[in-house]
Amino acid sequence: MSILRTFAKRAVEKSEIFLCSKTWFRSNNNMSGVFFPISETKHLAPGSKCPEVTPGLMRLYNMKFCPYAQRTRLVLAAKRIPNEVVNINLVAKPDWYFARNPLGKVPCLEFDGKVIFESLITCDYLDEVYPSSPMLNSTDPFRKAQDRILIEMFNAVNSNLYKLYRCSLDDESTWKGAIVGIHKGLQIFEDDLAKREIKFFGGQNPGIVDYMIWPWMERLPSLPILSHGMLKVQMENYPSLIKWFDAMKEDDAVKESFISPENHAKFITSFLAGNPEYDMEINK
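Residues numbered from 1 in each chain as written. Predicted model: local features only at pLDDT ≥ 70, side-chain atom pairs only at ≥ 80, totals over all residues. Heavy atoms only, no water.

> How do you make sense of the nonpolar core when you look at a structure like this?
The tendency in soluble globular proteins is for nonpolar side chains to be buried side by side. In this structure, Leu-126, Leu-186, Phe-201, Met-217, Leu-241 and Trp-244 are the most contacted members of the largest nonpolar core, which totals 56 residues. Looking at this core element by element, the count peaks at eight residues for helix H7 (residues 208-219). Sequence-distant contacts of Leu-126, defined by excluding residues within four places in its chain, comprise Met-58, Thr-72, Val-75, Leu-76, Lys-79, Ile-81 and Leu-109. Counting residues in each nonpolar core, the second largest holds 16 residues, with Tyr-61, Phe-65, Tyr-97 and Phe-267 among its members. (Core = buried A, V, L, I, M, F, W, Y, C linked by side-chain atoms within 4.5 Å. Buried < 20%, exposed > 50% of the residue type's maximum accessible area, 1.4 Å probe, protein only. Helix = DSSP H or I, 4+ residues; strand = E, 2+ residues; numbered from the N terminus. Contact = heavy atoms within 4.5 Å.)

Okay, structure coming up:
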């Protein structure tokens, strides 16, 4: 048996022990059925100590407003994997974090001293290690490959969204092309969803494509707030995506990490000003 398979087997076995020995499921009146992390820290910076690792429990190193880390958080919630979240201040990173991820990025998973990072890698890993939960990737190799291509094509949306965050509203040349690029990217997904004639890209329930593109779709409504109404993606041009968006908002995994457009806009404003308000969503 390979080292990776051995690690995977141990991860599943120990997580099953956690599920049986204690109830790690929490809910509130507004989010009945949502699977939350066992614990979540504030964003740790230099001078902090790495929280003690709980043996047999998956740990996610995260930043609350990072869309790439949100991908992994969505998969953890969708597959109901017991986990703890350690948030990292990405502007002022604690020294100890580089021992986990030399790149200093999130997301990063740690389980019993073993570490992997990068969003798609961590998500695929979780989907394979916990096969008893609903599989998010297609079992058909061709469909899985097509889905991965679709995820890559979403870069037309997220790359242009980042350009809009830093554009000059007084200079149309800094934002007009990005708006056009987002619309071209969204059209690809509108056409694909209409062609599949299903509720989600994954079928009747969200799959890997749905969760991998959601973080940026969640952030699109913050554009009019950030731009005082000047910038807006005309979602009415995408009826299938509108239905998809509304359905995704009702998904329990999405509810676990959802942040309002207003708070996304507030964070982005603080980040661009050089003083990111990382903890505004912690213990609110």
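That covers the picture; the talk isn't over yet.
> Sorry if this is basic, but what is going on with the sheet that holds strand S1 (residues 58-62) here?
Pairing between sheet strands relies on hydrogen bonds along the backbone, with the strands arranged either parallel or antiparallel. Within the open sheet, the four strands sit side by side as S2-S1-S3-S4. Their pairing is mixed. Among the strands making up the open sheet, the edge pair consists of strand S2 (83-87) and strand S4 (114-117). Strand-to-strand twist across the sheet, computed as the mean angle between neighbouring axes with direction ignored, equals 20°. Pairing between strand S3 (residues 108-111) and S4: four bridges, direction antiparallel. Among the inter-strand pairings, Cys-108 is bridged to a residue of S4, identified as Phe-117. (Pairing = 2+ DSSP bridges. Axes fitted to C-alpha atoms, helices over the stretch in contact; angles between N-to-C directions.)

> What exactly am I supposed to notice about helix H9 (residues 239-249) here?
Side chains of residues three or four places apart in an α-helix project in the same direction, reflecting 3.6 residues per turn. Those residues of H9 not exposed but buried are Ser-240, Leu-241, Trp-244, Phe-245, Ala-247 and Met-248. Each buried residue of H9 lies within a common arc of 165° when the element is viewed along its axis, so the set occupies one face. Turning to H9, the residues buried within the fold contact helix H6 (176-196), H7 and helix H10 (252-257). (Arc of directions from axis to C-beta.)

> How do you make sense of the pattern of salt bridges when you look at a structure like this?
Here the idea is simple: oppositely charged side chains can pair when their charged atoms come close. Tallying each qualifying case throughout the model produces twelve salt bridges. Between Glu-250 and Lys-255 there is a salt bridge, with its nearest N and O atoms 4.0 Å apart. Residue class for Glu-250 comes out exposed when judged on its relative accessible area of 56%. (Salt bridge = Lys/Arg side-chain N within 4 Å of Asp/Glu carboxyl O.)

> How should the pairing of S1 be read in this particular structure?
A regular strand places its side chains so that they alternate between the two faces of the sheet. Of all five residues in S1, five are buried, a share of seventy percent or more. Taken together, the five bridges between S1 and S2 define a ladder with parallel strand orientation. For Tyr-61, the partnering residue across the bridge sits in S2 and is Val-86. Each parallel crossover has a hand, and for S1 linked through helix H2 (residues 67-78) to S2 it is right-handed. Sheet topology note: the S1/S3 ladder contains three bridges and is antiparallel. Of the residues in S3, the one forming a bridge with Arg-59 is Glu-110. (Right-handed = clockwise from strand over helix to strand, strands pointing away.)

> What am I meant to see in the environment of Lys-79 here?
Locating Lys-79 in the fold gives a position in the loop between H2 and S2. Overall, the relative accessible area of 2% leaves Lys-79 in the buried class. Between the C-alpha atom of Lys-79 and that of Tyr-130, which follows or precedes it by 51 residues, the distance is 7.5 Å. Not counting chain neighbours up to four residues away, the residues in contact with Lys-79 comprise Leu-126, Asp-127, Tyr-130, Ser-133, Pro-134, Met-135 and Leu-136.

Such coordinate-based values are descriptive only and should not be taken to indicate function.
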